Amino acid sequence: MPFYTRLGQIPKKRHVQFRRPDGRLYCEELFGTEGFVGPTSTMYHIHPPTQVTGWKTLYTCAPEYVETEVMRMRHVRTSPLKPHGDAITGRVILFGNADCEMAVCVPAEQMNYFYKNGQGDECLFIHFGSGTCWTMFGTLKFGPKDYIVIPKGTIYKIEFDPHLGPDGKPDPKMPFGKYLLIETVNGSHIQPPPRYISKSTAQFLEHSPYCERDLRIPELPLTFDEPGQYEVRIKARNCVHSYVYDYHPLDIVGWDGCYYPYIFNIDDFAPITGKLHMPPPIHQTFEAHNFVICSFCPRMLDWHPQAVKVPYNHSNLDSDEVLYYVEGNFGSRKGIEVGSLTAHPQGIPHGPHPGTVEPSLEATYTGELAVMCDTFRPLFPTKAALGLDDPKYPASWQGEHFPLAAAHLADGRPIGSINGHTREGILPPLPDNAKITDTWT
Ligand SMILES: [Fe+2]
């Protein structure tokens, strides 16, 4: 979607005769958005894309939200999630509203069908694992910390590599890895923020934290001309339907346009830093109608001699904020761990945890990594989220915020914070003669 590209064979002009080696015509399909005035791609199939031999509704996928009238901070641990299902059926929706759904997936098995999300764009953040995403636009190899943006209507299949644990053996907790999913349910498209892109050339501008060179677009192989019975499961109308094709659904010989899936690795995000605290929009990576996706990446901290390094208390008066913790040492914030999700609703402010401001003043760098999704309408949890919920989290701001010697944990490790969510590890090492006070127990 970000820029024009092409792959495979296409005729010299659109909508002209384009013939297979046997003389028959290829089947042109316009893959268009927003009533033919949004981004499009034009593709050429070996077989008519309209030919299907079976169709039925399989199951509903409408999320059931609970506690829709309750406003409170939430901390949801996803590490207890056990592997189940495949890359589609294993998705566990945790939060959502009328604009987007957020899910975490720990697949237990490979997909044995193709999938098409016919009602929204998908953004997968691969936390653990690697593999291949076979799509009608070509092949995308993916690995850890990749965002995979798959626009609405794309037929694809995800094939994971076996995921190995730290000991190099198959990981029973995540046999195929784990990913975070954010998808649109309001008909809008996930795209780079328009302010990053030139209105006259569609080129990424100099102030953008990433550009075309950072995006990995579909590559060969592209075309699979194989007869058989191929199931394509299609999500539409909050149900998953099963359609059967009697040819391989990835039968495109060529396409061109601005509408296609692509990958962006979060480590390629070049953070924007400032003399004083920079607000969350500088971390913005993607957006769709009524929500944004941001990348909080390792970076230098503010360099004003009197800068307060941790974020100020803030009321997101118009947005709910969900943060997914990817990497870093969160040990000083009891309970926050890799794979945790925190949700901070509009309506009440949030900010630094007790004792984190003073100790952060000498910090020069943060090494943490997190993905944030801010929604402009209230988010609701699902029953699955409540099952993973930490009920003590809303009270975690209680305590002395400015202790006189609140500098380090009892064992000497420094305390830090980012975006109001306390972490350790962003401070320089303690001087040998420093006074050690544990502010957390
Ligand atoms: Fe925040």
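Heads up: these notes are all about the structure in this document. (Residues numbered from 1 in each chain as written. Predicted model: local features only at pLDDT ≥ 70, side-chain atom pairs only at ≥ 80, totals over all residues. Heavy atoms only, no water.)

## Concerning the overall build of the chain
Helix and strand content of the chain: two helices and 29 strands. The buried share of the chain, taken over its 441 residues, is 55%. Long-range pairs, those at least 24 residues apart, make up 75% of the contacts in the chain between residues at least 6 apart in sequence. (Helix = DSSP H or I, 4+ residues; strand = E, 2+ residues; numbered from the N terminus. Buried < 20%, exposed > 50% of the residue type's maximum accessible area, 1.4 Å probe, protein only. Contact = heavy atoms within 4.5 Å.)

## What about the coordination of the iron ion?
Here the iron ion is held by H314 (NE2), E321 (OE), E321 (OE) and H350 (NE2), and the distances to it run 2.1 to 2.8 Å. The coordination sphere of the iron ion comprises four donor atoms, whose angles at the metal cover 50 to 168°; the geometry is irregular. One chain supplies every donor for the iron ion, spaced along it as H-x6-E-x28-H. (Donors = N, O, S within 2.8 Å, 3.2 Å for Na, K, Ca; no water. Tetrahedral: all angles 85-135°; square planar, octahedral: opposite > 155°, others 65-115°.)

## Description of the sheet that holds strand β19 (residues 262–265)
Here we have eight strands laid out as an open sheet, ordered β15-β19-β12-β9-β14-β7-β6-β27, and antiparallel in their pairing. The outermost strands of the open sheet, each flanked by one partner alone, are β15 (215–216) and β27 (380–381). With two bridges connecting them, β15 and β19 associate as antiparallel partners. Along β19, the bridge assignment pairs R216 with I263. (Pairing = 2+ DSSP bridges.)

## Quick notes on the nonpolar core
By size, the foremost hydrophobic cluster in this structure holds 62 residues, and its most contacted members are L94, Y147, F286 and V371. The residue makeup of this core includes at least three contributed by each of domain 1 (5–265) and domain 2 (266–424). Contacts of F286, omitting those with residues within four sequence positions, involve C123, Y147, V149, I190, Q191, P192, P193, Y210, Y262, F264, V292 and I293. Of all hydrophobic cores here, the second largest spans 22 residues; its members include A87, L124, I126 and F142. (Core = buried A, V, L, I, M, F, W, Y, C linked by side-chain atoms within 4.5 Å. Domains from an automatic or database assignment.)

## Topic: the pairing of β19
The two faces of β19 match: Y262 and F264 on one face and I263 and N265 on the other face are all buried. In the sheet, strand β12 (residues 146–150) pairs with β19 via four bridges, with the strands oriented antiparallel. Looking across to β19, one finds that Y147 is bridged to F264.

## Here we look at unusual backbone geometry
Glycine aside, residues mostly have negative phi angles, and peptide bonds mostly take the trans form. In this structure, the amide linkage connecting L220 to the following residue, P221, adopts the cis form with an omega of 5°. Along the chain, P221 falls in the loop between β15 and β16 (227–236). In this structure, H15 is a non-glycine residue whose phi angle is positive, near 65°. With phi around 50°, E67 is a residue other than glycine that occupies positive phi space. On the secondary structure map, E67 appears in the loop between β4 (54–60) and β5 (74–77).

## A few points about the side chain of D121
When you line up the elements, D121 lands in the loop between β8 (114–117) and β9 (122–128). Buried charge without a salt bridge: D121, with K152 as the nearest opposite-charge side chain at an N-O distance of 7.0 Å. A distance of 2.8 Å separates a polar atom in the side chain of D121 from the backbone nitrogen of K152. (Lys, Arg positive; Asp, Glu negative; His and termini not counted. Salt bridge = Lys/Arg side-chain N within 4 Å of Asp/Glu carboxyl O. Polar contact = N/O pair within 3.5 Å; in protein donor to acceptor, adjacent residues only side chain to side chain.)

Spatial relationships are all this shows, so hold off on functional conclusions.
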